[in-house]
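# Commentary on secondary and tertiary structure
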Amino acid sequence: MTDNLDLAASAQELADAAPAGSLDRAAAASVAITLATTRDTAQARQTLDGLAPDDVRRAALRLFDRLQGS
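Because the structure is a prediction, the values reported are computed rather than measured. (Residues numbered from 1 in each chain as written. Predicted model: local features only at pLDDT ≥ 70, side-chain atom pairs only at ≥ 80, totals over all residues. Heavy atoms only, no water.)

### Side note on the side chain of Ser22
Our working definition: Only DSSP runs of H or I reaching four residues or more are called helices, and only runs of E reaching two or more are called strands; each is numbered from the N terminus. For the purposes of these results, a polar contact is taken to be a pair of N or O atoms within 3.5 Å, where, inside protein, one atom must be able to donate a hydrogen and its partner to accept one; residues adjacent in sequence count only when each atom of the pair is a side-chain atom.
With respect to the helices and strands, the residue Ser22 is situated in the loop between α1 (4-17) and α2 (23-36). Here the side chain of Ser22 touches Arg25 through a polar contact of 3.1 Å, landing on its backbone nitrogen.

### Quick word on the environment of Pro53
Relative to the helices and strands, Pro53 is located in the loop between α3 (41-49) and α4 (54-69). Taking C-alpha positions, Pro53 is 10 Å from Ala27, a pair spaced 26 residues apart along the chain.

### So, the pattern of salt bridges
Between side chains of opposite charge, a pair can form as their charged atoms come close. In plain terms, the rule: Between Lys or Arg on one side and Asp or Glu on the other, a salt bridge is scored when a side-chain nitrogen of the former is within 4 Å of a carboxyl oxygen of the latter. Note on classification: 1.4 Å probe, protein chains only; a residue is buried when its accessible area is under 20% of the maximum for its type, exposed when over 50%, partly exposed between these limits.
Summed over all chains, the structure comprises three salt bridges. For the salt bridge of Arg45 with Asp65, the shortest nitrogen-to-oxygen distance reads 2.6 Å. In this pair, Arg45 sits in helix α3 while Asp65 sits in helix α4, placing the two residues 20 residues apart along the sequence. The class for Arg45 is partly exposed, based on a relative accessible area of 29%. On the basis of relative accessible area, Asp65 is assigned to the partly exposed category, the value being 40%. For Asp54, the salt bridge identified is with Arg57, shortest N-O distance 2.9 Å. Of this pair, Asp54 and Arg57 both sit in helix α4, three residues apart, roughly one helical turn. The exposure class assigned to Asp54 is partly exposed, which follows from its relative accessible area of 43%. One continuous salt-bridge network, built from bridges that share partners, spans Arg45, Asp49 and Asp65.

In structure tokens:
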């Protein structure tokens, strides 16, 4: 099982690789910050559920699910 900090590092790598100002960068950075500052993936998921705007939330949740599955 991968812990939050490992997942956060993966999300940060994706954020760094995404174009500046892109939806992918915003979503990956949001996931990285959320994972780095929450206790576990359940709390991270709950926090991401409240993310705004909607398009960033949806992209962040897709990325979060993808990271958890890898």
